[in-house]
Amino acid sequence: MKINNINLMQTFGKSPLLTCKIKDEKTQKSNNATLYKMDPNNEEDRKDIFRSKNTINIKKDFHKAYTENNNSRDFYILQNDKTGEVISCAETTHRYRTEPGANYGLYTLIEEMDENSKYINAAEPTLAYIVKRAQDRFDLSVYTAFGEDKIPSLKREKFTENNLGEFYIPHKRFNSMIDKAEEHSQIEYTA
């Protein structure tokens, strides 16, 4: 029997990473949601990104990743399971900080993020997954390229502002942030 090689560049579209519950701001009703990792080379994923008004911040880089076939960035969307509405989205990169100090070494940078104001703590499950992924890769911290003006819940999610105005969470607070988010949003990991 001959077994053919599998093309390593084969893409299968968005991958579910976790399921959770997110409350609607108006009705206070819980909605089931799923966080997906999006693939710029998949047609259906591109439609999901470009169809939503809640993914404006990541559209340009998502398109750039597709046209340049660049896989250095990860894209995530949290979608309402019933309506398909995007609750939050994020774009991350994995980096190395060379400056001496407390936060040198490997880290994850959240380049862009947005949350839908219709939902309470819409960014929480996405942030929890990003921090958990950083922990699994032995990153020493997670930084954001934005502040509380964009995601008001950063301090509530254990992120700290340093003297340069950067928001970050060091590895020593990863577990408490993840545990709190898992309990609050009833997160269950699928990948």
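Everything below is about the structure printed above this text.
Remember, predicted model here, so these are calculated numbers, not experimental data.

Here is what the cut-offs are and how they apply
- Residues numbered from 1 in each chain as written.
- Predicted model: local features only at pLDDT ≥ 70, side-chain atom pairs only at ≥ 80, totals over all residues.
- Heavy atoms only, no water.
- Helix = DSSP H or I, 4+ residues; strand = E, 2+ residues; numbered from the N terminus.
- Buried < 20%, exposed > 50% of the residue type's maximum accessible area, 1.4 Å probe, protein only.
- Core = buried A, V, L, I, M, F, W, Y, C linked by side-chain atoms within 4.5 Å.
- Contact = heavy atoms within 4.5 Å.
- Expected span 1.5 Å × (residues − 1).

1. Considerations on unusual backbone geometry
Thought 1: One non-glycine residue with positive phi stands out, namely Gln28, at about 60 degrees.
Thought 2: The residue Gln28 is located in the loop between β1 (15–23) and β2 (30–38) in this model.
Thought 3: In this structure Gln28 comes out as partly exposed when scored by relative accessible area, which is 43%.

2. Examining the nonpolar core
Thought 1: Membership of the largest hydrophobic core comes to 33 residues, with the highest contact counts inside it found for Met113, Leu127, Val131, Val142 and Phe159.
Thought 2: Looking at this core, the elements with two or more residues in it are β1, β2, β3 (73–80), β4 (86–97), β5 (105–115), α3 (124–136), β8 (167–170) and α4 (174–185).
Thought 3: Considering every element that reaches this core, the biggest residue donor is α3, with 6 residues.
Thought 4: Setting aside chain neighbours within four positions, we find Leu127 in contact with Ile110, Met113, Leu154, Glu157, Phe159 and Met177.
Thought 5: If you look at the next biggest cluster of nonpolar residues, it comprises 10 residues, including Met38, Ile49, Phe75 and Ile77.

3. Quick notes on helix α2 (residues 56–67)
Thought 1: The terminal C-alpha atoms of α2 lie 18 Å apart, and with 12 residues this matches the ideal 16 Å at 1.5 Å per residue to within 8%.
Thought 2: Buried residues along α2 sit in contact with β2, α1 (43–51), β3, β4 and β5.
Thought 3: Backbone geometry just downstream of α2 places Asn69 in the positive-phi region, at approximately 50 degrees.

That's the geometry; what it means functionally is another story.
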